[in-house]
Each structure stands twice: as C-alpha cells, then as structure tokens.
Amino acid sequence: MNLEKLTDRVSRELETALTEDISKEKHDEIWDIIHRAMLDASKRTTREMKETAVIACGPEADLAHKLQEKMDKKRDMLVSNLMAMR
C-alpha cells in the first residue's frame, strides 16, 4: 500500500472525525498514537524486506547490504515526511 495515500486518507478522516469539542491535549494525543502506529508499520515492513533481501541474495551479501542501505534511506525519508505532517 502506498503510505503517502494512506497518510492523506487518514489525515482527512481524522480531521472530519475529530470535532472541535475535544481538547487540544486529546487531539495531540490521538495524533501521536497514529504517528507511532505508522512509524511502527514502516519499521516492521522495512525489517521484513531486509530479511527477504538477505535470504534472496545469499552469497551476494554485498548486494543485500546495498539494498538494505537504500531501504534505510527510504524509511528515514518516510519518517521525516510523517513528522513534518504533524
């Protein structure tokens, strides 16, 4: 699933669902929960992709490490983008 589309959809749905009746603290708490959940999903997906790459590349460990570095960079970019959405 495209995480950018997911974050956009979740953001729109939350803005609709979170009325102005709730306090600023509760609003921030809800956003923090969602933020942590998305980061967790991203980290788990990255870890699983790394494991798959290492298994698939076997003897070509250098290739697996290059793939790992690229995935780490993409994950870091995703985390930065998610944090900027706050």
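Numbering of residues starts from 1 in every chain and runs along the sequence as written. The predicted nature of this model means local features are confined to residues of pLDDT at least 70 and side-chain atom pairs, given and counted, to a pLDDT of 80 or more, with totals for whole chains, interfaces and linings taken over all residues. Water and hydrogen atoms play no part in the side-chain values, which are based on all heavy atoms of the structure.

Here we look at the overall build of the protein
Right, on to step 1. Scanning the protein from terminus to terminus reveals 3 helices and 0 strands.
Right, on to step 2. Strands are runs of DSSP state E lasting at least two residues, helices are runs of H or I lasting at least four, and both sets are numbered from the N terminus onward. The order of α-helices and β-strands along the protein, N terminus first, is α-α-α.
Right, on to step 3. Throughout this description, buried means an accessible area under 20% of the type-specific maximum (1.4 Å probe, protein chains only), exposed means over 50%, and partly exposed covers the range between. Burial analysis of the protein (86 residues in total) assigns 23% to the buried set.
Right, on to step 4. Here, two residues are considered to be in contact whenever any of their heavy atoms come within 4.5 Å of each other. Across the protein, contacts joining residues at least 24 apart in sequence account for 50% of those joining residues at least 6 apart.
Right, on to step 5. Residue burial considers only the protein chains on display, and all accessible areas are found by Shrake-Rupley using a 1.4 Å probe. Of the accessible surface of the protein, which amounts to about 6800 Å², a share of 56% is contributed by carbon and sulfur atoms.

Thoughts on the environment of Ile30
Right, on to step 1. Tracing the chain through its elements places Ile30 in helix H2 (residues 24-57).
Right, on to step 2. Using a relative accessible area of 26% as the deciding quantity, one classes Ile30 as partly exposed.
Right, on to step 3. The sequence separation of Ile30 and Leu18 amounts to 12 residues, and the corresponding C-alpha distance is 9.3 Å.

Let's talk about the pattern of salt bridges
Right, on to step 1. A carboxyl oxygen of Asp or Glu within 4 Å of a side-chain nitrogen of Lys or Arg is what we treat as a salt bridge. Applying the stated criterion to the full structure yields 5 salt bridges.
Right, on to step 2. Its salt-bridge partner being Arg9, residue Glu13 comes within 3.1 Å of it at the nearest N-O pair. Of this pair, Glu13 and Arg9 both sit in helix H1 (residues 3-17), 4 residues apart, which is roughly one turn of the helix.
Right, on to step 3. What makes Glu13 partly exposed here is its relative accessible area of 44%.
Right, on to step 4. Residue class for Arg9 comes out partly exposed when judged on its relative accessible area of 35%.
Right, on to step 5. Here Asp76 and Arg75 are joined by a salt bridge, their closest N and O atoms 3.1 Å apart.

A look at the confidence of the model for the protein
Right, on to step 1. pLDDT: the predictor's confidence for each residue, scored from 0 to 100. Confidence in the prediction for the protein averages 76 pLDDT; 85% of positions are at 70 or higher.
Right, on to step 2. In the model of the protein, H1 stands out as the element of lowest mean pLDDT, 75, in contrast to H2, which has the highest, 78.

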